[in-house]
Amino acid sequence: MVSFEVIILGGLGGPSESSTQCFMVRPFDSSELNSLCVDGGAGVGHIMDTLVCSNEDLTVDGDEVNDDFHKYFRSLNQYHHDEDKYYKRRSKRIKLSKPVQNNNPNVKVGFSNKMIETLNDRSTVLEKAYSIYQGIESYYITHPHLDHINGIILNSPLMFERDLPSNKTLYGLNFTTEALQTHVFNDIIWPNLTNQESSNLHIETLKQSQIHNVNAFPNWEMLPFKICHGTKVIDGSRVFSTVYLLRDRINKNALIFFGDTDYNQHIDGKETGLDLLDAFWDYLADHIPFDEISGIFIECSSTCNYRDEQLYGHLSPQHLIDNLKDLHRKYNRDLNSRFDLNVIITHVKMVPTSKDPRLTILNELRTIAKTTPELDGIKFHLALNKHRFIL
């Protein structure tokens, strides 16, 4: 049973300043505007962009423009699992089709029709975007790097807008919330909008691996787990990030969202220290039946051409495959069984190369996975901006 829809407001990892990581998560098929976000590297401007292309069927007038649209949508096939054809051309209409296999995610462009219909009484795209922003009650921040919080910061004055005020809470583990309060909302980098008891902006600290009830959706719970994300330049000490486990209590479906993830997860950077990602995989295998994992959103920032010391606290395709092999082992699945899993790749760094680095990474992942029989059932997709995953 489908539980979630995830709209990619921002799926990239820089170095371009646009469309950095922000995932809007909502109950599937809801007409309400309530939502939560994992990370906040994108904001109202990206909501407006997503609104512009939010139709189940996109029809355009004029042959030249029509052809450009058809070329664009045909090209999107290569960013998703190569056995599934989500986009078809029919005359002058672009229709989003259902995936071939029922256990594959349904990927569409823009917000759902039900959500758009709720906004019919708003006359402009800006009004509609502000209304959607108003409905975001919670942000679950993986770590306080700018590419994960810049949308939240720049949009924060909208919470106090006279005609469309809203209340929001920023959640995170202590290393995130302390950094936000001390180094961002400090009246130096940005006004301290959290300083008053009656403020519309709140910051709350979550506890490691402890269940947090999602206020907007009473049937949902969120669990944060600390993971490693490289080392500090100044002293070489560990930098941390978060992986969030989101679960629907009713049908038990679960989504997993990774922040930036180091290939070396030993807490002390050495082989002797606790491996934080290994500990998370253990928790997952012990508490979440494999068939209840609807999808994993995980970073893979750079291609295999980058040496480990050039990853700066991120994953490359070989490291991601190694981690998925570890996950397979944790579930003790027979090598002859199919490891059906939706893996959505996030945080690709758009470096200047002759080929889109997202496609290079996707092809490298698929090539390596083909040599690993136990990973045969994995479906790799890319978190493309403005796309909506139904999981």
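Structural data are supplied above this passage.
Residues numbered from 1 in each chain as written. Predicted model: local features only at pLDDT ≥ 70, side-chain atom pairs only at ≥ 80, totals over all residues. Heavy atoms only, no water.

**Here's the deal with the overall build of the protein**
Inference 1: The helix and strand inventory of the protein stands at 9 helices and 18 strands.
Inference 2: In the protein, buried positions account for 56% of the 391 residues.
Inference 3: The long-range fraction of contacts in the protein, counting pairs at least 24 apart against all pairs at least 6 apart in sequence, stands at 67%.
Inference 4: If you sum the accessible surface of the protein, you get close to 17,300 Å²; carbon and sulfur atoms cover 49% of it. (Helix = DSSP H or I, 4+ residues; strand = E, 2+ residues; numbered from the N terminus. Buried < 20%, exposed > 50% of the residue type's maximum accessible area, 1.4 Å probe, protein only. Contact = heavy atoms within 4.5 Å. Areas by Shrake-Rupley, 256 points an atom, 1.4 Å probe, with all protein chains shown as cover.)

**So, the pairing of strand 15 (residues 293-299)**
Inference 1: Burial runs high along strand 15: 7 of the 7 residues are buried.
Inference 2: In terms of strand pairing, strand 14 (residues 254-258) meets strand 15 through 4 bridges, oriented parallel. Residue pairing across strands places Phe 257 opposite Phe 297, the latter belonging to strand 15.
Inference 3: For strand 15 and strand 16 (residues 341-346), the ladder comprises 4 bridges, and the chain directions are parallel. Paired with Glu 299 across the bridge in strand 16 is Thr 346. (Pairing = 2+ DSSP bridges.)

**Some thoughts on the pattern of salt bridges**
Pairing of side chains with opposite charge becomes possible as their charged atoms draw close.
Inference 1: This structure, assessed with the given rule, holds 13 salt bridges.
Inference 2: For Arg 249, the salt bridge identified is with Glu 221, shortest N-O distance 3.0 Å. A residue pair is termed long-range when its members are at least 10 positions apart, and Arg 249 in the loop between strand 13 (238-248) and strand 14 and Glu 221 in strand 12 (residues 220-231) qualify at 28 residues.
Inference 3: When its relative accessible area of 29% is taken as the criterion, Arg 249 is described as partly exposed.
Inference 4: When its relative accessible area of 11% is taken as the criterion, Glu 221 is described as buried.
Inference 5: Ionic contacts of the salt-bridge type, sharing partners, join the residues Asp 278, Asp 282 and Lys 330 into one network. (Salt bridge = Lys/Arg side-chain N within 4 Å of Asp/Glu carboxyl O.)

**Observations concerning the packing of aromatic side chains**
Inference 1: According to the stated counting rule, one finds 16 aromatic pairs in the structure shown.
Inference 2: Ring centres of Phe 258 and Trp 281 lie 5.7 Å apart, and the angle between their planes is 55°; on these two criteria the pair is classed as tilted. Here Trp 281 lies in helix 7 (residues 276-287) and Phe 258 lies in strand 14, a separation of 23 residues in the sequence.
Inference 3: By relative accessible area, which is 1% here, Phe 258 ends up buried.
Inference 4: Judged by centre distance (6.0 Å) and plane angle (85°), the rings of Phe 297 and Phe 389 are edge-to-face. Here Phe 297, found in strand 15, pairs with Phe 389, found in strand 18 (residues 387-390); they are 92 residues apart in sequence, far enough to count as distant.
Inference 5: With relative accessibility at 0%, the residue Phe 297 sits in the buried group.
Inference 6: Its relative accessible area of 0% is what places Phe 389 among the buried residues.
Inference 7: Through a chain of ring-to-ring contacts, the aromatic side chains of Phe 225, Phe 258, Phe 280, Trp 281 and Tyr 283 assemble into a single cluster.
Inference 8: One residue, Lys 168, lies across the ring of Tyr 133, its end atom 4.1 Å from the ring centre.
Inference 9: If you follow Lys 226 out to its NZ or CZ, it ends over the ring of Phe 240, 4.3 Å from the centre. (Phe/Tyr/Trp six-rings, centres within 6.5 Å; stacked < 30°, edge-to-face > 60°. Lys NZ or Arg CZ within 6 Å of the ring centre and 35° of its normal.)

**Regarding the sheet that holds strand 14**
Inference 1: Here 7 strands make up an open sheet; going across it, the order is 11-12-13-14-15-16-17 and the pairing mixed. Strand pairing shows two members of the sheet lacking a second neighbour, strand 11 (212-213) and strand 17 (378-382), which therefore form its edges.
Inference 2: Each of strand 15, strand 16 and strand 17 is contacted by helix 8 (residues 317-330), which is oriented at about 150° to strand 16, the strand it contacts most. (Axes fitted to C-alpha atoms, helices over the stretch in contact; angles between N-to-C directions.)

**Quick look at helix 7**
Inference 1: The end-to-end C-alpha distance of helix 7 is 17 Å, a good match for the 16 Å that 12 residues give at a rise of 1.5 Å each.
Inference 2: Within the sequence span of helix 7, burial applies to Leu 276, Leu 277, Phe 280, Trp 281 and Leu 284. The arc enclosing the buried residues of helix 7, seen along the axis, measures out at 140°, which places them on a common side.
Inference 3: Structurally, helix 7 contributes buried residues whose contacts are with strand 12, strand 13, strand 14, strand 15 and helix 8.
Inference 4: N-cap assignment for helix 7: the residue whose side-chain oxygen lies 3.2 Å from the backbone N of Leu 277 is Asp 275. (Expected span 1.5 Å × (residues − 1). Arc of directions from axis to C-beta. Polar contact = N/O pair within 3.5 Å; in protein donor to acceptor, adjacent residues only side chain to side chain.)

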